Amino acid sequence: MGSRKPIQAGAYRAYAVRGPDDDGRFYWVSKWWSDGPDGRFRDSMALGWHHRHEAEREVVALAASESPEDFAAAAEVRTVRDLVETWLVAALVDPARKPRTRDTILTVARRVVRHLGEHRLDRMTPDALKAHVTRRLAHGAKKPTISLEMVYLGSAWTWGFYRGFVSTEKLVKPRIPETASAYRDATPEPKHVAKVQAYLDQRGADRCVVEAEWAMAHRLLWATGLRCHELAALVWSMVDLLVAEIRIPLDTKTGTRDIPLVPVHVQALQAWRELCGHGGEGEPVVVLSTSLSRGLSYRLVGVRRMTEGRKSSTGACQAVGVLEYTAQGLRRLAVDALYEAAQESRVDVGTVAAIMGHSPATALRHYRTPSKKAKRAAVLAAGLGTVPDRNEVNATA
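Okay, so let's go over this structure. Every chain is numbered independently, its residues counted from 1 as its sequence is written. Local features in a predicted model are, by the rule used here, given only for residues with pLDDT of at least 70; side-chain atom pairs are given and counted only at 80 or more, and totals for whole chains, interfaces and linings are based on all residues. Side-chain metrics in this entry use all non-hydrogen atoms of the structure; hydrogen atoms and water are not considered.

### Looking at the pattern of salt bridges
Alright, step 1. Whenever Lys or Arg places a side-chain nitrogen within 4 Å of a carboxyl oxygen from Asp or Glu, that contact is recorded as a salt bridge. Under the defined criterion, the tally for this structure stands at 14 salt bridges.
Alright, step 2. Among the ionic pairs, Glu 56 bridges to Arg 52, the shortest N-O distance being 3.5 Å. Here Glu 56 and its partner Arg 52 are both found in helix α1 (residues 52–64), 4 residues apart, which amounts to about one turn of the helix. The pair formed by Glu 56 and Arg 52 is uniform in burial state, with each residue classed as buried.
Alright, step 3. The partner of Arg 120 in a salt bridge is Asp 122, and the shortest N-O contact between them spans 2.8 Å.
Alright, step 4. Given the relative accessible area of 38%, Arg 120 is considered partly exposed.
Alright, step 5. Buried means the residue's accessible area, taken with a 1.4 Å probe over protein chains only, is under 20% of the maximum for its type, while exposed means over 50%, and partly exposed covers the values in between. Asp 122 sits in the exposed class, given a relative accessible area of 54%.
Alright, step 6. Each of Arg 52, Glu 56 and Arg 110 takes part in a single network of salt bridges with overlapping partners. Helix and strand assignments come from DSSP, with helices taken as H or I runs of at least 4 residues and strands as E runs of at least 2, each series counted from the N terminus.

### Some remarks on the packing of helix α3 (residues 80–91) against helix α4 (residues 99–116)
Alright, step 1. What counts as an axis is a line fitted to C-alpha atoms, over the stretch in contact for a helix, and the angles between N-to-C directions run from 0 to 180 degrees. Running from N to C, α3 and α4 point in directions that differ by 165 degrees, and their axes come no closer than 9 Å. Viewed along their axes, α3 and α4 adopt a mutual orientation that is roughly antiparallel. In this structure, α3 crosses over α4, and the sense of that crossing is left-handed. Of the residues in α4, those touching α3 at Val 80, Arg 81, Val 84, Trp 87 and Leu 88 are Ile 105, Leu 106, Ala 109, Val 112, Val 113 and Leu 116.
Alright, step 2. Looking at the contact of α3 with α4 residue by residue, the class counts come to 10 nonpolar, no polar and 1 charged. Any angle that falls under 35 degrees is termed roughly parallel, while one over 145 is termed roughly antiparallel, one within 65 to 115 roughly perpendicular, and all others oblique. In this scheme, a crossing is called left-handed if the near helix is turned counterclockwise away from the far one by less than a right angle; it is called right-handed if the turn is clockwise. Here, two residues are considered to be in contact whenever any of their heavy atoms come within 4.5 Å of each other. Ten residues, namely Ala, Val, Leu, Ile, Met, Phe, Trp, Tyr, Cys and Pro, are considered nonpolar, four, namely Asp, Glu, Lys and Arg, are considered charged, and the remaining ones, Gly among them, are considered polar.

### Comments concerning unusual backbone geometry
Alright, step 1. Although it is not a glycine, Ala 244 sits at a positive phi angle of roughly 65 degrees.
Alright, step 2. Mapped onto the secondary structure, Ala 244 falls in the loop between β5 (239–240) and β6 (245–248).

### Some words on the packing of α3 against helix α6 (residues 143–161)
The relative placement of two packed helices comes down to the angle between their axes together with the axis-to-axis distance.
Alright, step 1. Remark: α3 packs on α6, axes separated minimally by 9 Å, with the N-to-C direction vectors making an angle of 85 degrees. Between α3 and α6, the angle is such that the two are roughly perpendicular. Only Tyr 152, Leu 153, Ser 155, Ala 156, Trp 157, Trp 159 and Gly 160 of α6 make contact with α3, whose side of the interface consists of Val 80, Leu 83, Val 84, Thr 86, Trp 87 and Ala 90.
Alright, step 2. Taken together, the residues of the contact of α3 with α6 break down into 10 nonpolar, 3 polar and no charged.

What follows is the structure, given as structure tokens:
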């Protein structure tokens, strides 16, 4: 369930006045002031029923309806909260930013404000930031999380410098030590994935459609090797069940590509469409947010909270007794399976790259994880450390 805490963007603040409803949404009302939240009350407007992240976008859009630069010029910026919220008004109205990028900016900005919001800008020294990093590490945050927070704080800082809010152009960021991954970053075995799929399918059959959606998401990632954001954006017009393929439209990263489907997954998709009634063109295959990667990974490995008041949950991998893997692990598994099949059947590696949507070099560098069995077979085939049989040498000569 989302938080009902007030949402602040510039001079606008939204409050959850009713809810939540059955879908976890609250009824939000936005109020704004001439001189900020402590100034004279001006007016209010109903935003309607929204999840928190949807209400945040609405409030940011309201704040951005005024000129961002005019707002920035009139803002009184003293703390990190003031700086980040003022920067957001300008950053989120950039038409070049994709919706996923805006969502990421909002998510990271919330974390920055939560942990550094009350710090005065004139006291943001390297030592203060180093102490902040130490606290974040002590509370379980990992290096990638803290690094992303520093990136966006640095962007807000540089933006504020050119508007006279801070005295230095660059924020001196502390070195962040390496940390162990929160989850097992490895390629799972097919038999383990099959056990997890059966577990998720059973939960979907026993509980509700929402659990069945996560089971279908797991199945499609395993069957296609899609990126999580590609699966989240998948619509029925991209799925041709007669031809048994999924067509991913033109993307700035990979271009258009076709992904064939094996019969068992075609049947699963047909059953899914009949169950959910998603028959119209342009409707999503699964009703999931753009944070599918994190959501599915939580269901696979569980939620591990170190913050007081938040409970941990058991993931599907632990429930069935297999080594943990994440949603990205399913893509690595698909890459491995395709490359191994290519070697056995002499399929062009370019074909595999066309299916997965990246170059062979990228696949070998970041995705391909040879198994111990494959490594042993390669060493035995090469005969490392042995003298070739004379008869074999003569025959090849």
